[in-house]
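Notes for the structure review
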Amino acid sequence: MPDRVPRRGPSPRSAMRHRPTEQSLFSGIYGLVLASALVAALDATDDKADPGSDALWVLLTALAAGAAHGYAHVIAQRASADGAAQSSRLRLVIAEWPLVAAVLPTVGMLLAAVAGWWSEATAADTALLFNTVALFGWGAWAARTAGFGWPSAFRAGGMDMLIGLVIILADALIE
């Protein structure tokens, strides 16, 4: 089918104006999966719910993962023998900001539970649903900016969304 092969030439104008970088896609999707896995794991099944602590753990884990990814890039660049110009070490670590940004909606939903706007269970369920839908959006957006048609973009988004659905299923089975 012609839709499975990227079109040659420029992508649709609206997608090109807001084209994500490979790094932001990688970090953003990784951050959404990380936030989903953490909120599912931290969601208390007994009466010891502490959404404030959970929000802090999600944020600190994202910061640690972002720093670790950035540092891994520093080490990989240091070990490369191609002699290419090296980016600053700090810039490589800061380039992981989309990972941290991707967990902020989850942190916000957990903090809304701290404020008493809803229960921790509702915050966790809402965060899992939001992150799953966001995974679909990121996958479809990436496919569209790569020049794929709408059917392929929806398939790509569906595959990304499948990760979120697996986390939701695992959370339901474990609880």
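Let me sum up the structure you'll find in this document. It should be emphasised that the depicted structure is a prediction, and the values quoted were computed from it without experimental measurement.

Reading the values: the criteria
- Counting of residues starts from 1 at the beginning of each chain's written sequence and follows it residue by residue.
- Under the rules for a predicted model, residues below a pLDDT of 70 receive no local features and side-chain atom pairs below 80 are neither given nor counted, while totals for whole chains, interfaces and linings still include all residues.
- The side-chain values count all of the structure's non-hydrogen atoms but skip hydrogen atoms and water molecules.
- Ring pairs shown here join Phe, Tyr and Trp side chains whose ring centres sit within 6.5 Å, with only the six-membered ring taken for Trp; geometry is labelled stacked below 30 degrees between planes, edge-to-face above 60, and tilted in between.
- To qualify as a helix, a DSSP run of H or I must reach at least 4 residues; to qualify as a strand, a run of E must reach at least 2; elements of each kind are numbered from the N terminus.
- Note on exposure labels: buried denotes an accessible area under 20% of the residue type's maximum, exposed denotes more than 50%, and partly exposed covers the range between, all computed with a 1.4 Å probe on protein chains only.
- In this scheme, the term charge over a ring applies when either NZ of a lysine or CZ of an arginine sits within 6 Å of the ring centre and within 35 degrees of the ring normal.
- Think of a patch as exposed residues, more than 30% relative accessible area, with no salt bridge, where like charges cluster within 9 Å and nonpolar side chains (Val, Leu, Ile, Met, Phe, Trp, Tyr) cluster within 5 Å.
- Only the protein chains shown count as covering a residue, and every accessible area follows the Shrake-Rupley method with a 1.4 Å probe.
- The rule for a salt bridge is simple: a side-chain nitrogen of Lys or Arg has to be within 4 Å of a carboxyl oxygen of Asp or Glu.
- What makes a nonpolar core is a set of buried Ala, Val, Leu, Ile, Met, Phe, Trp, Tyr and Cys residues whose side-chain atoms join them at distances within 4.5 Å.
- Every residue pair with non-hydrogen atoms within 4.5 Å of one another is taken to be in contact.
- Charge convention: Lys and Arg are scored as positive, Asp and Glu as negative, and His as well as the terminal groups of each chain are ignored.
- By the criterion applied in these results, polar contacts are pairs of N or O atoms within 3.5 Å in which, for protein atoms, one can donate a hydrogen and the other can accept it, and in which residues neighboring in sequence qualify only through two side-chain atoms.

Focus on the packing of aromatic side chains
In the structure shown here, the tally under the stated rule is four aromatic pairs. Ring geometry for phenylalanine 26 against tyrosine 30: centres 6.1 Å apart, planes inclined by 20°, an arrangement best described as stacked. Residue phenylalanine 26 and its partner tyrosine 30 are located together in helix H2 (residues 22-42), separated by four residues, close to a single helical turn. When its relative accessible area of 34% is taken as the criterion, tyrosine 30 is described as partly exposed. A ring pair is formed by tryptophan 138 and tryptophan 141, whose centres lie 5.9 Å apart and whose planes are at 70°; its orientation type is edge-to-face. Here tryptophan 141 and tryptophan 138 lie together in helix H6 (residues 120-145), a separation of three residues that amounts to about one turn. Judged by its relative accessible area of 23%, tryptophan 138 falls in the partly exposed class. Ring pairs connect the aromatic residues Phe136, Trp150 and Phe154, which therefore count as one cluster. Across the ring face of tryptophan 150, the terminal group of arginine 144 is positioned such that the distance to the ring centre comes to 4.1 Å.

Things to note about a nonpolar patch on the surface
There is a patch of nonpolar side chains on the surface, built from Met159, Leu162, Leu165 and Val166 and spanning about 370 Å² of accessible area. Note on placement: valine 166 falls in helix H7 (residues 150-174).

Some details on the environment of leucine 129
Counting through the fold element by element, leucine 129 comes out in helix H6. Look at leucine 129 and you get exposed, because its relative accessible area is 54%.

Structural notes on the nonpolar core
If you look at soluble globular proteins, the nonpolar side chains tend to sit buried side by side. Ranked by internal contacts, the top residues of the largest apolar core, which has 21 residues, are Leu34, Val39, Val58, Ala62, Val103 and Leu110. The greatest single-element share of this core, amounting to seven residues, is contributed by helix H5 (residues 97-114). Every residue in contact with leucine 34, bar those within four places of it in the chain, is listed here: Thr61, Ala62, Ala65 and Leu99. If you look at the next biggest cluster of nonpolar residues, it comprises five residues, including Ile29, Leu32, Ala102 and Ala134.

Some points on the side chain of aspartate 160
Its location among the elements puts aspartate 160 in helix H7. There is no salt bridge for the buried aspartate 160, and the closest opposite charge comes from arginine 155, which lies 12 Å off by N-O distance. Of note is the side chain of aspartate 160, whose polar atom sits 3.4 Å from the backbone nitrogen of glycine 139. Filtering out sequence-adjacent residues up to four positions away, aspartate 160 remains in contact with Ile29, Leu135, Trp138 and Gly139.

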